[in-house]
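Here is what each chain is made of, one letter per residue.
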Amino acid sequence: MAGPVRDGGLQPLDHELNRECREFAETLRELFLELGISVRRYATRCYLNPGTLSRYLAGSRIAPWQFVEELLHHLDEDCGTRLDASALDRLRRRHRAALRTAASIGRAVQQLEGQLQAADREARRAGAREEQLDQALDDTRQTIADLDARLVRLESRPLVPAPPAPADRIPPPDRAEPPGRAAPPDLAEPPAPSDATAPPGRGTLLAERDALAREVDRLAEELARARHRAACAETRCDLFERQLALVEQQQGLADVRVPAVRPMEEGLPPKVLLVDDRPDNLMVLEAVLGPHGHRLVRAESGPDALRALLEPDDFAVILLDVQMPGMDGYETAAHIKRRARTRDIPIIFVTAIGTDPDHSMRGYAAGAVDFIPKPVDPWALRAKVAVHVELHRERRRHATLPAPTRHAPPPAHAHPGAGPSASAKATKTGSPSAI
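Along each chain, the written sequence defines residue order, and numbers are assigned to residues from 1. In keeping with the model being predicted, local features are shown solely for residues with a pLDDT of at least 70 and side-chain atom pairs are shown and tallied solely at 80 or more, while totals for entire chains, interfaces and linings include all residues. Excluding hydrogens and water, the side-chain values take into account all heavy atoms of the structure.

### Regarding unusual backbone geometry
Comment: phi is negative for the bulk of residues other than glycine, and the bulk of peptide bonds are trans.
Then comes step 1: In this structure, P375 follows K374 across a cis peptide bond, with omega equal to -5°.
Then comes step 2: Helix and strand labels come from DSSP, where a helix needs a run of H or I of at least four residues and a strand needs a run of E of at least two; each type is numbered from the N terminus. Here P375 is to be found in the loop between β5 (368-373) and α12 (378-399).
Then comes step 3: Of note in the backbone geometry, Y47 takes a positive phi value of approximately 60° without being a glycine.
Then comes step 4: Among the secondary structure elements, Y47 is positioned in the loop between α2 (39-45) and α3 (50-58).

### Regarding the pattern of salt bridges
Then comes step 1: Any Lys or Arg side-chain nitrogen found within 4 Å of a carboxyl oxygen on Asp or Glu counts as a salt bridge. Counted under the stated rule, the structure contains 26 salt bridges.
Then comes step 2: Between D134 and R227 there is a salt bridge, and its shortest N-O distance comes to 4.0 Å. With D134 in helix α6 (residues 105-156) and R227 in helix α7 (residues 202-250), this residue pair connects regions lying 93 residues apart in the sequence.
Then comes step 3: Think of it in three bands: with a 1.4 Å probe and only protein chains considered, a residue is buried below 20% of the maximum accessible area for its type, exposed above 50%, and partly exposed in between. Residue class for D134 comes out partly exposed when judged on its relative accessible area of 24%.
Then comes step 4: Ionic pairing is found between E215 and R218, a salt bridge with its closest N-O pair at 2.7 Å. In this pair, E215 and R218 both sit in helix α7, three residues apart, roughly one turn of the helix.
Then comes step 5: Three or more residues joined by partner-sharing salt bridges are found here, namely R129, E215, R218 and E222.

### Overview of the packing of helix α1 (residues 19-35) against α3
Then comes step 1: The axes used here are C-alpha line fits, helices contributing only the stretch in contact, and every angle between their N-to-C directions lies in the interval 0 to 180 degrees. Direction vectors running N to C along α1 and α3 enclose 120°, while the axes themselves pass 7 Å from each other. Overall, the two elements α1 and α3 adopt an arrangement that is oblique. Residue-level contacts link A25, L28, R29 and F32 of α1 to Y56, L57 and A58 of α3.
Then comes step 2: Per-class residue counts for the contact of α1 with α3 are six nonpolar, no polar and one charged. Should an angle lie under 35 degrees it is considered roughly parallel, over 145 roughly antiparallel, and from 65 to 115 roughly perpendicular; all remaining angles are considered oblique. The criterion used for residue contact is that any of the two residues' heavy atoms lie within 4.5 Å. Three classes are used: nonpolar for Ala, Val, Leu, Ile, Met, Phe, Trp, Tyr, Cys and Pro, charged for Asp, Glu, Lys and Arg, and polar for all others, with Gly counted as polar.

### Observations concerning the packing of helix α8 (residues 279-289) against α12
Then comes step 1: With their axes 10 Å apart at the nearest point, α8 and α12 run at an angle of 70° to one another. Relative to α12, the element α8 lies roughly perpendicular. When α8 is examined against α12, the residues L285, V288 and L289 are found in contact with a partner set consisting of P378, L381, R382 and V385.
Then comes step 2: The class makeup of the residues in the contact of α8 with α12 is six nonpolar, no polar and one charged.

### Quick look at the confidence of the model for the protein
Detail in the predicted coordinates should be disregarded across regions flagged by low pLDDT.
Then comes step 1: Looking at the protein, pLDDT values average 78 and 73% of them are 70 or higher.
Then comes step 2: On a scale of 0 to 100, pLDDT captures the predictor's confidence in every residue. Looking across the protein, the model is least confident in helix α13 (residues 420-428), with a mean pLDDT of 40, and most confident in strand β1 (residues 271-275), with 95.
Then comes step 3: Counted against residues more than four places away or in other chains, residues 411-435, with its pLDDT under 50, gives 37 contacts.

### Quick look at the pairing of β1
Then comes step 1: β1 sits mainly inside the fold: five of its five residues count as buried.
Then comes step 2: Note: two strands are recorded as paired if DSSP finds a minimum of 2 bridges between them. In terms of strand pairing, β1 meets strand β2 (residues 295-299) through five bridges, oriented parallel. The residue of β2 that forms the bridge with L274 is R298.
Then comes step 3: For a crossover, the right-handed case is the one in which the path from the first strand over the helix to the second runs clockwise, viewed with the strands pointing away from the viewer. Taken together, β1, α8 and β2 constitute a β-α-β crossover, and its handedness is right-handed.
Then comes step 4: Looking at chain direction, β1 and strand β3 (residues 315-321) are connected through five bridges and run parallel. Residue L274 lies in a different strand from β3, and its bridge partner there is L319.

### Topic: α1
Then comes step 1: Helix length check: α1 (17 residues) gives 25 Å between terminal C-alpha atoms against 24 Å at 1.5 Å per residue, within 8%.
Then comes step 2: Regarding α1, the residues found buried are R19, E20, C21, R22, F24, A25, T27, L28, R29, L31, F32 and L35.
Then comes step 3: Positive backbone phi, approximately 75°, marks G36, located one or two places after α1. Here the expected length of a helix is defined as 1.5 Å per residue gap, with one fewer gap than residues.

### Describing the environment of A352
Then comes step 1: Looking at where A352 falls in the secondary structure, it is placed in the loop between β4 (347-351) and α11 (357-366).
Then comes step 2: With a relative accessible area of 54%, A352 lands in the exposed category.
Then comes step 3: For the pair A352 and D321, spaced 31 residues apart in sequence, the C-alpha separation works out to 8.7 Å.

### A look at the packing of aromatic side chains
Then comes step 1: In this analysis, rings of Phe, Tyr and Trp, with Trp reduced to its six-membered ring, are considered paired at centre separations within 6.5 Å, and the interplanar angle assigns stacked below 30 degrees, edge-to-face beyond 60, and tilted for intermediate values. Going through the model one piece at a time under the given rule, you end up with six aromatic pairs.
Then comes step 2: On the numbers, 5.8 Å between centres and 65° between planes, the contact of F32 with Y42 is edge-to-face. Of the two residues, F32 is situated in helix α1 and Y42 in helix α2; the sequence distance between them amounts to ten residues. There is no split in this pair, since F32 and Y42 are both buried.
Then comes step 3: Ring centres of Y56 and F67 lie 5.2 Å apart, and the angle between their planes is 50°; on these two criteria the pair is classed as tilted. With Y56 in helix α3 and F67 in helix α4 (residues 65-79), this residue pair connects regions lying eleven residues apart in the sequence.

Structure, rendered in structure tokens:
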């Protein structure tokens, strides 16, 4: 051939490509340009629609490996160009990486924004409920204080005997009224006070006070639960915001990657436990997370996960499948949270049964901090794991600081009336696995 003809009618690369897809698309374009023919002509040769071929070469759609092999065959046949073993292996790895990360970043952003909105709604609902319960608790305590004051007044009131009837109002025996005739109004007996108008006695007030005291206990327990829900929702909001920032930072940028391992002076990277009963699902998780330097530990059942957690710790996060035979994800999470040495490890449920409110509430009650639906979005998965790994590193660095450098913990006798913002801040600075 005389050489390539200009650009062969190529469309520009998609500007929203991630690094892996861009690298593969650029390699594919270089190979195609060596043919020296137009996109339309080559599409006719391969029995492809020209628009489909344009999308392959622009990177907006990942070409199947069969097409790549056919292109390499035509290069060998027409131009005598043949890739050596190392170049072919590099092309295969780029193709696999592109397929693995081909899901649009926009889909991950949409997923994370939906989770952030749900967490924000929960935080606002729990905050509003917290205010209602706080006001009801104050009103009930004030009512008890009023009852206490009434009891004090009742107990301090002296007993005054009833005065005797005046002598001039008592008719003599010989002047008794004849039968059937009523006594004059001024001589009639005064009516006894009815139960409706009589002031409540001490027993009635004490019974009312006991009932109000039980109501105070109930409201206080419900208020504590509402504050916990609000704090957990605020923590989730913080996690989702960090994940969104990490994903959006990479959108359209070829040279930005999810943070990988830290320098060796910080020691080995934290471990990530992958739990799924299907080996192919574990392979997907390893393919997405492996290139970023995480220490991955796999387990194919709940009991396997519990055994893995018996080894020296330093697990940053657990990716736990929900639907597993025998011990499912919920039961496994409950066992993990009952152990003192593992209860603070954050758990992300990987689930194919949806993230509707019923499943979410059950998952959060079991100790999950997050959900990711199947099939997993690689961008969202990497962002979630990277954020938890970074939080784990922060806690590990904080634990190694000299004692005077650490921030003093909040006093244990903090005022119970602290608002939701104070509770949320206290939870944010701690482990996200407190959810």
